[in-house]
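Below, each chain spelled out in residue letters.
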Amino acid sequence: MNSPADDRRVRKTKKALRQGLAQLLQEKKLKDITVRELTDAVDLHRGTFYVHYRDIYDLYDKMWQEANQAIRDIFRQYPPEELPGGPAPLFRAIMEYAWENRDLCQMLFGPNVDQSLVQELSGIAGEKCAQDWAVLYPNIALPYRDYLQVYVVGGCMGVLRRWVDTGMREPPKEMAALLEGITKSAAKVAG
């Protein structure tokens with residue numbers, strides 16, 4: 001059985017590798033990054049990398065899978081019945097997750113990443129909206145609710161991208177309030 005110190009070291013190693021990959025993806029495409037380059041950047045031995053991952057693509061895929069699962073878990077924590085005043089708590093949870101996982105967000109919105117991941121994330125958010133908004137905004141007719149969903153998801157992804165691109169200077173709580181205000185204003189117009 002691993003000791004807490006071993007687990008802490010593993011977490012620290014994986015975090016360093018994640019951050020290193022996110023940083024390298026700011027400069028070059030994934031296919032052009034080598035394990036040696038990554039391990040040199042984070043001052044780890046190549047063998048340490050291979051204890052955890054098969055190759056750079058495996059690390060990248062695992063980062064995406066973890067993020068995908070975390071977002072889905074956050075969405076499950078906030079069913080529409082738990083959001084009687086609107087999606088503010090959900091927005092706070094998402095923005096806090098992004099804040100705590102800056103390296104992942106930098107990777108996701110970086111210039112050298114396959115944008116299909118952003119599209120997939122948008123699809124996950126769109127599914128959540130489609131399920132919840134009939135409960136949250138019952139007085140909005142279906143075709144307008146669909147337009148609202150597309151507008152809000154696209155807007156939220158744009159705001160998140162801008163926040164990441166500008167160094168995430170504002171606290172997550174402020175960003176969540178911004179998203180909530182935009183969503184409520186759009187819902188009012190659609191209703």
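Residues numbered from 1 in each chain as written. Predicted model: local features only at pLDDT ≥ 70, side-chain atom pairs only at ≥ 80, totals over all residues. Heavy atoms only, no water.

(A) View of the pattern of salt bridges. Taken as a whole, this structure holds 10 salt bridges when the rule is applied. Several salt bridges share partner residues, and in doing so they unite Arg18, Glu66 and Asp103 into one network. (Salt bridge = Lys/Arg side-chain N within 4 Å of Asp/Glu carboxyl O.)

(B) Expanded view of the packing of helix H5 (residues 88-100) against helix H8 (residues 142-165). Direction vectors running N to C along H5 and H8 enclose 30°, while the axes themselves pass 12 Å from each other. The pairing of H5 with H8 is recorded here as roughly parallel in orientation. H5 and H8 meet at a crossing whose hand is right-handed. Along the contact surface, H5 presents Phe91, Met95, Ala98 and Trp99, while H8 presents Cys156, Leu160 and Trp163. (Axes fitted to C-alpha atoms, helices over the stretch in contact; angles between N-to-C directions. Helix = DSSP H or I, 4+ residues; strand = E, 2+ residues; numbered from the N terminus. Parallel < 35°, antiparallel > 145°, perpendicular 65-115°, else oblique. Left-handed = near helix turned anticlockwise from the far one by under 90°. Contact = heavy atoms within 4.5 Å.)

(C) Representation of helix H7 (residues 116-136) in the model. With 21 residues, H7 extends 29 Å between its outermost C-alpha atoms, agreeing within 8% with the 30 Å of an ideal straight helix rising 1.5 Å per residue. At Ala130, H7 shows its largest kink, close to 30°. Along H7, the positions that sit buried rather than exposed are Leu117, Val118, Leu121, Ile124, Ala125, Gly126, Lys128, Cys129, Asp132, Trp133 and Leu136. Contact partners of the buried residues in H7: helix H4 (56-77), H5, helix H6 (102-108), H8 and helix H9 (172-190). (Expected span 1.5 Å × (residues − 1). Bend = angle between axes of the 7 residues up to and from the residue. Buried < 20%, exposed > 50% of the residue type's maximum accessible area, 1.4 Å probe, protein only.)

This is a description of form; function is not addressed.
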